Amino acid sequence: MTFIFNMAYSNLIKSNQGLRFTWFIKFLALSVFSILIVINTAVAEPYLAVKNYLKCAACHVNPNGGGLRTEFGKIYGQNLLPAKANSYDSAKLARLTQYLSIGADARFNANFQKTEEIEDNTSKSFEVSSAQLYININIPNSGLSFYLDQQMAPGSAINREAIVMYEFEQGDFIKAGKLFLPFGLRIEDDTAFIRQATGMNFDNSDNGVEYGLNHDNTTVNFYVANGTSQSSNNDDSFLYGIRAEHLFSTFRVGGGAVLNDGEQQVKILNLYGGTQWRDITFLAEVDYLILEAANSFNQQDIKQLAALAEINYQWKQGWNLKLTTEYFDPDQDVDEDEQTRYSLIGEYTPLSNVQLRLGARIKQDIPQKSQNNYETVFFQSHFYF
Amino acid sequence: MNIFNSFITVGFLSLALTACNAGNGDSLNDQGRPIDEIGEVMDLPDPDSDSIKPTLASIQDKVFTPICASCHGGANPAAGQDLSSLENSIINLINVTSSNTLFKRVLPGSAEESYLYLKITGDSRAGSRMPLGQPALNQEKILAIKKWIEDGAVIPESSSNSARVSRVNIKERRITREINDQNFASNVDYIWRLNEPLVVVFWFNKPMSFDYLTPEQVLFTAYDSNDSKENDNWLFDSSNISINIINDHILQLSISEVARDVSHINIQLNKSSISTLTTSLGQQLDGDFDGVDGGVFSYDIHF
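Rules used throughout
Residues numbered from 1 in each chain as written. Chains lettered and ligands numbered in written order. Predicted model: local features only at pLDDT ≥ 70, side-chain atom pairs only at ≥ 80, totals over all residues. Heavy atoms only, no water. Salt bridge = Lys/Arg side-chain N within 4 Å of Asp/Glu carboxyl O. Helix = DSSP H or I, 4+ residues; strand = E, 2+ residues; numbered from the N terminus. Buried < 20%, exposed > 50% of the residue type's maximum accessible area, 1.4 Å probe, protein only. Axes fitted to C-alpha atoms, helices over the stretch in contact; angles between N-to-C directions. Parallel < 35°, antiparallel > 145°, perpendicular 65-115°, else oblique. Contact = heavy atoms within 4.5 Å. Nonpolar A, V, L, I, M, F, W, Y, C, P; charged D, E, K, R; others polar. Core = buried A, V, L, I, M, F, W, Y, C linked by side-chain atoms within 4.5 Å. Buried area = accessible area lost by both parts, 1.4 Å probe. Polar contact = N/O pair within 3.5 Å; in protein donor to acceptor, adjacent residues only side chain to side chain.

1. Examining the pattern of salt bridges
All names here are of chain A.
Then step 1. Evaluated as defined, the whole model comprises 21 salt bridges over all chains.
Then step 2. Of the charged contacts in the structure, one is a salt bridge between Asp 189 and Arg 361, with a shortest N-O distance of 3.3 Å. One end of the pair, Asp 189, is in the loop between strand E5 (173-179) and helix H6 (193-196); the other, Arg 361, is in strand E15 (residues 354-364), with 172 residues separating them in the sequence. Per residue, the accessibility class of Asp 189 equals that of Arg 361, and both read buried.
Then step 3. Among the ionic pairs, Glu 347 bridges to Lys 322, the shortest N-O distance being 4.0 Å. Of this pair, Glu 347 sits in strand E14 (residues 339-351) while Lys 322 sits in strand E13 (residues 319-329), and the two are 25 residues apart along the sequence. As far as the burial class goes, Glu 347 and Lys 322 line up, both buried.
Then step 4. Taken together, the shared-partner salt bridges in this structure form one network comprising Glu 45, Arg 107, Glu 188, Glu 310, Lys 322, Glu 347 and Arg 357.

Laid out in structure tokens, this is it:
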């Protein structure tokens, strides 16, 4: 936290903006308030959480990370993430009233992809990758809030999260509604193996109930959701899960277990962690999946393994280099069917609320699946608020 | 921190992380399964053929299993839509309402009204283009899916799924209503003119045997404007009914001489006391959608 204060303060000095004493006092008070929240609650760009020894709830209204940012999250995104900070108070701007705050994320991509198919093997496109609008209604002094995460584009509006949350005085919380289930590292890339294989991604929210238990640096989440039939539970079976995470002084470790009951039962075990050393942040996650009787040939279970390791190197404010390597074994009883994926992404945040990303990605599958062997180069502009 | 040292550290860690390689695919088929496994026993596509065909078995083999099922399959299929096997694809696609409730995931006979087709072509009404984060499907695959849908989204004849009516539409008036398990009612806004035939088209999910179907075996019951009285209904004379077999899974029925005072018409197929409809392999039509072969298929048209 000292790091954040130093960065924030030095940034304000450097930019020579907003140096009025009263503003700084407000900022200081807000930061202290945010820290108090952090202590008792959970982060979204996970490497930022690991780098700053914070839980997800420090920067996000949703204690499990992702979506609308807290006032602290907005200040961080405005002042500490970019190379040059704007002078306006984004937290104040986003808070329409003391009860209502808003936020947004919009990603616009330019893509070039090349597969190993013999014909028709390249594609180039511009796309609105996603545009999200967040609204949080907070009833003061009641612990009660209503949170809405609505995808506005591309296509017609799709609700991603609609949650009623009650936060107890000691920091525990209970959520009900359509929600992202707490599982592993909540990385932004939904196409990562660990997010695809497990189905725990930003494209796949579920209807259910979650209880979050917060004790000092430990968070434990229990949840029940519809599972494989998310929109309506027509199989009388549910998905049960638990996630636990502890922040140590220089690193964090977390784990989880999921039982997705149903006609075909699925069990998932998950272990993840992160640590930070100087300007380098390291993240890793391993998921082990057991798909009951999923082999249609011999009715045996299929056991899968998905793993991710990521290095982030922030050598200068506003700049980050991200290297990700992934591994997926779709059936541990079958040899030579493994898949890998490597990404190298440069992230530059020149100004508050705008991030530019240039990345290259290589996906390798078995030679027979020519469409699944491809290289991608993309440029993304990310507006966040 | 010395930047040079940082780069060395990052480089070293990077090398360590990229040590894993993808499988070489030895002894695996083009779905990544051992070649001695025969997972699907129904209408297997020609293994020697690399090109995709407009059949569900071929689309499953070339698109759904190798590409879509990485998300729409496994532990927690995206959107609850499991496409990992042919059976699952049938259950999760055909006539299932999509996340945009204006569309079915697959509406037999109409690719432009099918969310699946909109998704793979990047139509703005359907959100993110699929496959998500992967190269778009090539034209050959897209056209095969389009043709499969427009041909009626027929499922393999030998599949264990029931033979059903997958869609009914009324020609001439351009009024279409999708099949709904609970309610087969269709609303027509205006009165049919005398002598103009009412043309109803039935789409079936499997190839059927229509060879022995006669107009007498189809029950057209008309109700007058006060259909609460049981006596105010009558069967149409079979001489006013004509059957036109479009192909092995599309049947067109025409009825002429519909009087002005008719408030609605009920059409019944597969009434066991009169006749039964079967697939070309002898499976009886599941007319009442109860998952058991047999049962009357009943469809109402209100004027």
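What follows picks up the thread again.
2. Regarding the packing of helix H2 (residues 56-64) of chain B against helix H3 (residues 86-93) of chain B
All names here are of chain B.
Then step 1. Running from N to C, H2 and H3 point in directions that differ by 100 degrees, and their axes come no closer than 10 Å. Between H2 and H3, the angle falls in the class roughly perpendicular. The segment H2 lies against H3, with Leu 56, Ala 57, Gln 60 and Phe 64 engaging Leu 86, Ser 89, Ile 90 and Leu 93.
Then step 2. Broken down by class, the residue content of the contact of H2 with H3 amounts to 6 nonpolar, 2 polar and no charged.

3. Side note on the nonpolar core
Then step 1. Membership of the largest hydrophobic core comes to 39 residues, with the highest contact counts inside it found for Leu 181, Val 258 and Ile 268 of chain A.
Then step 2. If we ignore the near neighbours within four places in the chain, the residues touching Leu 181 of chain A are Arg 186, Met 200, Asp 206, Tyr 223, Ala 225 and Leu 239 of chain A.
Then step 3. If you look at the next biggest cluster of nonpolar residues, it comprises 31 residues, including Val 200, Val 258, Ile 265 and Leu 277 of chain B.

4. What about the interface of chain B and chain A?
Interface size is commonly expressed as the accessible surface area that is lost when the partners come together.
Then step 1. Counting residues at the interface gives 56 residues for chain B and 62 residues for chain A.
Then step 2. Around 4,700 Å² of area is buried between chain B and chain A when both sides are counted, 57% of it from carbon and sulfur atoms.
Then step 3. For Arg 33 of chain B, the salt bridge is made with Asp 331 of chain A, and the minimal N-O distance between the two is 2.8 Å.
Then step 4. The tally of links between chain B and chain A comes to 8 residue pairs in polar contact (both at pLDDT 80 or more).
Then step 5. Elements represented by at least two residues in the side of chain B that touches chain A include exactly helix H1 (3-17) and helix H5 (139-150) of chain B.
Then step 6. At 8 residues, H1 of chain B tops the list of elements feeding residues into the side of chain B that touches chain A.

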